Amino acid sequence: MGGLLSGTSPLRGRASLELVVHPLDFRQAAAFWGIEDPRLALLVHSVVGGAPAYRREFVREDVPAGLEDFDAWVCRTALSPRSPLYREARYLLADESDLRDRALYHSVLEALASGNATAGGIAGCLGRPAGDLTHPLTVLQDCGLVRREVDAFRRNRSVYRVREPLIAFDHVVSRATRALLARGLAEQVWESSRARFRSSVVDPHFEQICREWVSHFASPETFGGMPIDVSYGTVADPASRTSHEVDVVVRGAVGQDNGVLLSLGEAKWDQVMGEGHLDRLRRIKALLSGRGVDTTAVRLACYSGAGFTEGLRGAAAAGDVVLLDLRRLYEGD
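Remember, predicted model here, so these are calculated numbers, not experimental data.

Overview of the packing of helix α6 (residues 102–113) against helix α8 (residues 134–142)
Helix packing geometry: the angle between the two helix axes and the distance between the axes. Relative orientation of the contacting elements α6 and α8 amounts to 80°, with a least axis distance of 10 Å. Here α6 lies roughly perpendicular to α8, going by the angle between them. Residues L104, Y105, V108 and L109 of α6 form the contact with α8, whose own contacting residues are H135, P136, L137, V139 and L140. When the residues that make up the contact of α6 with α8 are grouped by side-chain class, the tally is eight nonpolar, one polar and no charged.

Take a look at the structure:
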């Protein structure tokens, strides 16, 4: 449909309305699937994302009955050759007319799904010069299958991430095991893939959900200002000769000031967060202050899918520390 109004088409410039239909966000998806448990909702969203058709046409209203049914649901839908969802990730690329060398694009997506987020890392994984990947990465961004994120503290550095959860799931879990899945061994494949699914699919997806929550649902009172720009960041630590990754960096507006650093946050999907995580954020804040960054308005934030220790809850009650669990991500601001 987009081709009817672009390029040299006779209808170029004649559109009176351009309505872009986006996938459901994580809260809308949970409501659409009828899932009230936020942990189950996020796990399902890590597989199918926010495409409404996946519930109705692709899995025929098959919704996990609870957390205890999630593993079986994955086996009978995304890992079952009899389910339309099983091949959908491959069809998403086949439907894009701009993708010429599909093997190359699949290789780029596989490199991304396996944790190679920078252009240099992807090039090293594929054994190609980094310059050869500029065009494929641009096309994948234009198709909405990959997103580019700029480092909040190093603007000349960026990372790429798979945007469509089902593609990430396919490359991490399904793609290398299709021969076994064709033999009806979905349960065995899933048993050996669950840890990889958690670390390579759910963990980064949870981090992205946290950033989306800040962008779309967090109130100005949560961080002491209106969030405007939400990204990730890396901060060098010369003393230890390493660098720290910050999962959620929030900049916003306080009064008449724009671009104020409001929050530094760490997200852990399957880990109970404690005072050690808070100490790490305090160290990052101190490093930024030492570099001349204004951190007077910064609130440290811990995002957890597994909860918080009593010690961390006590520290949060005593200072400007924000704790965000799954219930708040899905229902609060």
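So, next bit.
Some points on the pairing of strand β6 (residues 299–304)
Each regular strand displays side chains that alternate between the two surfaces of the sheet. Burial within β6 is extensive, with five of its six residues counted as buried. Pairing analysis gives six bridges linking strand β5 (residues 257–268) to β6, with the strands arranged parallel. Pairing of K268 across the sheet is with S304, part of β6. Read from β5 through helix α13 (residues 275–290) to β6, the crossover connection turns out right-handed. Viewed along the sheet, the connection from β6 through helix α14 (residues 310–318) into strand β7 (residues 321–324) turns out right-handed.

Looking at the packing of aromatic side chains
Here the structure, examined in full by the defined rule, presents 11 aromatic pairs. Arranged with centres 5.1 Å apart and planes meeting at 90°, the rings of F26 and Y330 form a pair that is edge-to-face. Here the residue F26 occupies a position in helix α1 (residues 26–33), and Y330 occupies one in helix α15 (residues 326–331), the gap between them amounting to 304 residues. Taking the relative accessible area as the measure of exposure, Y330 reaches 12% and is therefore buried. Relative to F197, the ring of F169 has its centre 5.8 Å away and its plane inclined at 80°; by these criteria the two rings are edge-to-face.

Things to note about the nonpolar core
Ranked by size, the top nonpolar core spans 77 residues in total, and within it F70, F197 and Y303 carry the most contacts. No other element matches helix α11 (residues 186–216), which puts 11 residues into this core. Among residues more than four places away in sequence, those in contact with F70 are L40, L43, V44, V47, P64, W190 and F197. By size, the runner-up hydrophobic cluster in this structure holds 22 residues, among which are V235, L287, A315 and V321.

A short note on the side chain of S83
In this fold, S83 is placed in the loop between α4 (70–76) and α5 (85–94). Looking at S83, its side chain comes within polar contact range of the main-chain oxygen of T77, at 3.2 Å. Among all residues touching S83, those that are not within four sequence positions of it are F58, R76 and T77.

Quick word on the sheet that holds β7
Note on sheets: strands pair through backbone hydrogen bonds, and any given pair is parallel or antiparallel. Ordered by their spatial adjacency, five strands build an open sheet running β3-β4-β5-β6-β7, and the pairing between neighbours is mixed. On the outer flanks of this sheet lie β3 (226–237) and β7, each paired with one strand and no other. The average undirected angle you get between the axes of adjacent strands in this sheet is 30°. Contacting β6 and β7, α14 runs over the sheet at an angle of about 130° to β7.

Describing unusual backbone geometry
Its identity is not glycine, yet R60 carries a phi of approximately 55°, on the positive side. Its location among the elements puts R60 in the loop between α3 (53–58) and α4. On the basis of relative accessibility, which here comes to 58%, the residue R60 falls in the exposed class. Phi is positive for E61, close to 65°, though the residue is something other than glycine.

Observations concerning the side chain of S304
Along the polypeptide, S304 turns up in strand β6. One polar contact links the side chain of S304 to the main-chain carbonyl oxygen of Q271, over a distance of 3.2 Å. A distance of 2.9 Å separates the side chain of S304 from the backbone nitrogen of G307, its partner in a polar contact.

What to know about the pattern of salt bridges
Once the charged atoms of two side chains with opposite charge are near each other, the side chains can pair. Using the criterion set out here, one finds 18 salt bridges in the structure. Between D62 and R76 there is a salt bridge; the shortest N-O distance is 2.6 Å. Residue D62 is found in the loop between α3 and α4, and its partner R76 is found in helix α4; the two are separated by 14 residues along the sequence. In this structure, E191 and R194 form a salt bridge, with 2.6 Å as the shortest nitrogen-oxygen distance. Within this pair, E191 and its partner R194 are both found in helix α11, separated by three residues, close to a single helical turn. By relative accessible area, E191 is classed as exposed at 52%. Among the charged side chains, a network of salt bridges with common partners joins R147, E149, R161 and R211.

Quick word on the environment of R90
The topology assignment puts R90 in helix α5. A residue is classified by how much of its surface remains accessible, and R90, at 22% relative accessible area, is partly exposed. Each C-alpha atom, one on R90 and one on R102, is 9.9 Å from the other, the two residues being 12 residues apart in sequence. Excluding anything up to four places from it in sequence, R90 contacts H106, R175 and R178. Separated by 3.4 Å, the side chain of R90 and the backbone oxygen of Y86 make a polar contact.

The rules behind these values
- Residues numbered from 1 in each chain as written.
- Predicted model: local features only at pLDDT ≥ 70, side-chain atom pairs only at ≥ 80, totals over all residues.
- Heavy atoms only, no water.
- Axes fitted to C-alpha atoms, helices over the stretch in contact; angles between N-to-C directions.
- Helix = DSSP H or I, 4+ residues; strand = E, 2+ residues; numbered from the N terminus.
- Parallel < 35°, antiparallel > 145°, perpendicular 65-115°, else oblique.
- Contact = heavy atoms within 4.5 Å.
- Nonpolar A, V, L, I, M, F, W, Y, C, P; charged D, E, K, R; others polar.
- Buried < 20%, exposed > 50% of the residue type's maximum accessible area, 1.4 Å probe, protein only.
- Pairing = 2+ DSSP bridges.
- Right-handed = clockwise from strand over helix to strand, strands pointing away.
- Phe/Tyr/Trp six-rings, centres within 6.5 Å; stacked < 30°, edge-to-face > 60°.
- Core = buried A, V, L, I, M, F, W, Y, C linked by side-chain atoms within 4.5 Å.
- Polar contact = N/O pair within 3.5 Å; in protein donor to acceptor, adjacent residues only side chain to side chain.
- Salt bridge = Lys/Arg side-chain N within 4 Å of Asp/Glu carboxyl O.

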